[in-house]
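# Structural characterization, general
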Amino acid sequence: MGSLRGISVAIFVVQALLASVALVSAQRSTNSSRWLTLRGNAPLVIARGGFSGIFADSSFAAYSLALQTGPRDVVLWCDVQLTKDAAGICFPDLRLDNNSDIAVIYKDKQKTYLVNGVSTKGWFSIDYTLKDLKNIVLNQGVYSRTNKFDGIGLAIMTVQGTYTQLIPPSFWLNIQHDAFYAQHNLSMSNFILSLTKNKKVTIDYISSPEVAFLQSIAAPFRRSKTKLVLRFLGENDVEPSTNLTYGSLLKNLTFIKTFASGIIVPKSYIWPVDVSLYLQPSTSVVLDAHKEGLEVFASEFYNDVPFSFNYSYDPVAECLRFVDNGKFSVDGVISDFPITPAATMDCFAHLGRNASKQAKILVISKNGASGDYPGCTDLAYSKAIQDGVDVLDCPVQMTGDGIPICLSSINLIESTNAAQSSFSSLTTTIPEISQGGGIFTFNLSWSDIQGLTPVILSPQADYKLFRNPKFKNAGKFLTLSDFLAMAQNASPLDGVLISIENAPFLARQGLGVTDAVLNALSKAGYDKLTAQTVMIQSSNSSVLMKFKEKTNYKPVYKVDEDIGGAQSGTIDDIKRFASAVVISKDSVFPENTAFLTGATDVVKKLHSANLSVFVQTFSNEFISQAWDFFSDATVEINSFVSGANIDGVITDFPKTSNRYRRNRCLKRGKNTPLYMSSVEPGSLYQAITFEYLPPAEAPNPYLTEADVMEPPLPPVAAKTRTSGPSGSAAVPTTSRSGQPKVAASVIVPFTAVLLAIYLLL
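The structure displayed is predicted, hence computed values, not measured ones.

### Regarding the pairing of strand β27 (residues 612-618)
Taking burial as the measure, the 7 residues of β27 include 5 buried ones, the bulk of the element. Pairing geometry for strand β24 (residues 580-584) and β27, over 5 bridges, is parallel. Paired with V582 across the bridge in β27 is F614. Two elements, β27 and strand β28 (residues 648-651), share 4 bridges in a ladder whose sense is parallel. What sits directly across from F614, in β28, is G648. A crossover links β27 with its parallel partner β28, the connecting element being helix α21 (residues 633-643), and its sense is right-handed.

Shown next, in the form of C-alpha cells:
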C-alpha cells in the first residue's frame, strides 16, 4: 500500500541523504572462528522498523536507509498489525495515533479496548480498512527525535508491499498482539500462513511474546527455513497463554526449544544494571540458551536513550559488550540505528588493544578524559593516558600565590564546590574574563584550591544526561609541574598541550602566566626534551608571539568563535605566530537546529597555508551531535576526519577517538562500507519540507585581521596583596580597561548559584 507521492518523496529523501557517497556492499567478517554465537557466524543486524531513529518507523525511507547503511545481510523488522479487512500492515503499534496523523484525519474516531487486560484508548488498526488508511501519513512517534521529516508524506505500507518494494536480504515479522486480534475475529495465524503461499515474499523470522501463537504455527514451519522466535518482555510481565512470568519462562529453555529456534530478550536480561545505571555482572542467559540450541537476539538498542554509565554514552562500546566480551556473543542486535551495530561487527569487533592505527589523526584531550572524571584531575589525566590519547592538555590558571595549575576554567564555580565553601564571599563579577559572577583562581591560594572538591562538568545536564555520577567528585587537582611530571612518565604520549588564556588581564593583576609556564617547562626539562612535543595554545596572538620568540614549542592559535571563513590576509597573519589552529565543529560543518547545512572551506584554506587544523569539542553524548551523525560519536568523528580531512580531534572522551582510528574499515579504499563513509553535509537538511524548515540563520562571520592581531602583552604589574579568607590573596576586580573599580557588595547571580548547586547534586 502507499501513494506514489509517498514513495517518490521517500526515494528522494534517501537519495539526498546518500548524495555524493559511493554506495558499496558492506562486507561481513569472514573469520567465523572468532564469533561466540551459536553457529559461529557474525551477529545479525536487525533494523527495527528500518532506520527508525531518523525516519518514521516502518516507512519506506526508514527501511531504505537501513538497507543502504547496514551490512549486506541486514534484517528488516516489521511489526505486523491487522486492519478491519484482515490486511497486514507494517506499523510499530496496534494504536495508530502515535506514529501517524490518523487522529487529524479521523478526529472523532477514538475508541477504547482492553489490551492484555488494560483499558487502552486510541485509534486502532482493527477499526479501519486498508482503503481507509490510504491517505494516512506516517510521522516520528518518539518525541525526543526530530519531527522535521513529518512533512515528507510517507504512507503506511503493507507487509507484502514492504517486501516486494524493498527486497530485503532478510525479513522479520513481529506479531505482538495475536490474542487481541483474535478477540476481534481477526486471525494473525491465517494471515501469516497465507503470506507464506505468496511466492514473491520470503519470511525469515517470526517472533511473538505469545507462546500459544508460536505453538499454533510451529507445525507448518517445522520444515521451512523460517525461524520462530519467542520474544521476552519484562521479567515480571505475565505471558498470557501460560500465565507464567517471562522470568519464570526463562528457566525452562527446554520447553521453549519445542516450538522456537531462538529468543529475543531485552539487553538488561544479559547485562543487568543497578538503579544507578551501572553495569552488574553478566547473566548466563546467552550461554544457557546456546546450550539448548537456541539463538539469542538482544533488543532495545537505541543510540538516543541513556544507557549504562559504563559505556560513557558511546553506543559502539555498548554493542561491543554484547558481541565481543570473550565469553559469549548474542546472535543478533535489534536497533533503531542499524549503522552502529553494522560498524561494530565489521570494523571494531575483535580489534584488540594493540591494533595498528589506520588513520593519521591526533587525539588531544579536553581537560583529560573529562567525560569520565572531573576535568584536570589526576584521575581524568590517568584515564586519558590509558585510553590512548596522543596529546595531554593542561589549561593553565594562576593562583593568588603565583602557582600555575591545571584547571578547566579560571572560574572555580564551574569545576569545584567553591560556591558552597567558605570562599563564597569572594564571588565577584569581572566582565573581561567571565560572564556572570565567579570565584576566581587568582583570588585563592593553591592551598585553598587543594581543599576544594572537584566537580564533574556535565554539559548536557539540561537534558538529564549526567556524566559518571558515582565519580562526580573524585580525583585531585594538579599544579602544572605535577602535570608535566605525570606526562613525562607516560611513554605512549606524543606530547602536551598547554593552554593559556586571560594573560593580559592576569599581567595587570601582577600574575605573569607566560613566565610561569616557561619556568615550569624549563624546570621539567621540556626546553631540552625532544621525545615529547610541547604545544602552546591561546586565543591571544600576543601570547603565542612571546613563546615563538623565546622557544621552539609549537604555537597553536585558538579561534574562540564560530567562523564561516577566513580572509587570506588573516591566515597570513596567523602563520606569523602559529603552526596550527583550533576551530569549532560549526566552523567546519555549520548547523541550524542540529542539522548540518553544508561545509565551509576553512580547513582547506588553513591547510593551503600549511597550518594544521584541530577541531573541538567531540563528545559522546548524542545531544552534542547533529542529527546527520545518527546519534553516534563514531559517525561524527569519521565525517570530520575522512570528510573534512582535519588533523586532530579535541575530545573529552579520548577512548572513542582512539578506537575509531584503529578500525579495520578505514583502509578499504573503494570497498569502504557506507557505515564508515563520511556523511554528506546538508543532505538531511535538504530533505526537510518547507513547512518544517527551521528559520534561516545568518552565516557565521569571517575571521578578519582585526580579530587576530593585538598589541604585545603588557608588563606584569607589581602585585598588591590583601588578606582574604583563610589567608588567601584577594585581587581587586577590574573593568575592561584594566582600571580598578569599587564594589561595596556583589550579589551572586541566582543562575550561577543554581548551577553550582546543581553540579554537586
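Picking up after the structure, the text goes on.
### Quick look at the packing of aromatic side chains
Under the criterion given, the structure shown has 31 aromatic pairs. Taking the centre distance of 6.1 Å and the plane angle of 70° together, the rings of F232 and Y269 count as edge-to-face. Separated by 37 residues along the polypeptide, F232 in the loop between β9 (227-231) and β10 (238-239) and Y269 in the loop between β12 (262-266) and α10 (285-291) bring together distant segments of the chain. Grouping aromatic residues by their ring pairs yields a cluster made of F55, F149, F595 and W627. Positioned above the aromatic ring of W271, the side-chain terminus of R321 is 5.0 Å from the ring centre. One cation-aromatic arrangement involves R659 over F348; the distance from NZ or CZ to the ring centre is 5.2 Å.

### Quick word on the pairing of strand β13 (residues 295-301)
Buried residues dominate β13, accounting for 6 of its 7 residues. Sheet topology note: the β12/β13 ladder contains 5 bridges and is parallel. Its bridge partner being in β13, P266 is matched across the sheet by S299. Here β13 runs beside strand β14 (residues 332-335); their pairing, made up of 3 bridges, is parallel. What sits directly across from A298, in β14, is V333. As for the winding sense of the linkage, the β-α-β connection from β13 through helix α11 (residues 315-323) to β14 is right-handed.

### Some remarks on the pattern of salt bridges
Inspection of the entire model under this criterion finds 22 salt bridges. Among the ionic pairs, K383 bridges to D372, the shortest N-O distance being 3.5 Å. Taken as a pair, K383 in helix α13 (residues 378-386) and D372 in the loop between β15 (362-365) and α13 lie far apart in primary sequence, 11 residues in all. We classify K383 as buried; its relative accessible area is 16%. Using a relative accessible area of 8% as the deciding quantity, one classes D372 as buried. Bridged by salt links that share partners, the residues R48, D57, R145, D304 and D336 form one connected network.

### Some remarks on the state of the cysteines
Enumeration over the complete set of coordinates arrives at 3 disulfides. A disulfide bridge connects C78 with C90, and the sulfur atoms are separated by 2.1 Å. As the torsion about the S-S bond is roughly -105°, the C78-C90 disulfide counts as left-handed. One end of the pair, C78, is in strand β2 (residues 75-82); the other, C90, is in strand β3 (residues 88-90), with 12 residues separating them in the sequence. The exposure class assigned to C78 is buried, which follows from its relative accessible area of 0%. Sulfur-sulfur distance for the disulfide between C347 and C665 comes to 2.1 Å. On the sign convention where negative is left-handed, the bridge of C347 and C665, at about -95° about the S-S bond, is left-handed.

### Examining the side chain of S370
Turning to its location among the elements, S370 is positioned in the loop between β15 and α13. Only 2.6 Å separates the side chain of S370 from the backbone oxygen of K366, close enough to count as a polar contact. Those residues in contact with S370, other than ones at most four positions away along the chain, are G375, I456, R467 and D652.

### Re the side chain of T514
In this fold, T514 is placed in helix α17 (residues 513-523). With relative accessibility at 4%, the residue T514 sits in the buried group. Separated by 3.0 Å, the side chains of T514 and K546 make a polar contact. In contact with T514, other than residues within four places in its own chain, are V543, K546, F547 and L713.

What counts and what doesn't
Residues numbered from 1 in each chain as written. Predicted model: local features only at pLDDT ≥ 70, side-chain atom pairs only at ≥ 80, totals over all residues. Heavy atoms only, no water. Buried < 20%, exposed > 50% of the residue type's maximum accessible area, 1.4 Å probe, protein only. Helix = DSSP H or I, 4+ residues; strand = E, 2+ residues; numbered from the N terminus. Pairing = 2+ DSSP bridges. Right-handed = clockwise from strand over helix to strand, strands pointing away. Phe/Tyr/Trp six-rings, centres within 6.5 Å; stacked < 30°, edge-to-face > 60°. Lys NZ or Arg CZ within 6 Å of the ring centre and 35° of its normal. Salt bridge = Lys/Arg side-chain N within 4 Å of Asp/Glu carboxyl O. Disulfide = S-S within 2.5 Å. Polar contact = N/O pair within 3.5 Å; in protein donor to acceptor, adjacent residues only side chain to side chain. Contact = heavy atoms within 4.5 Å.

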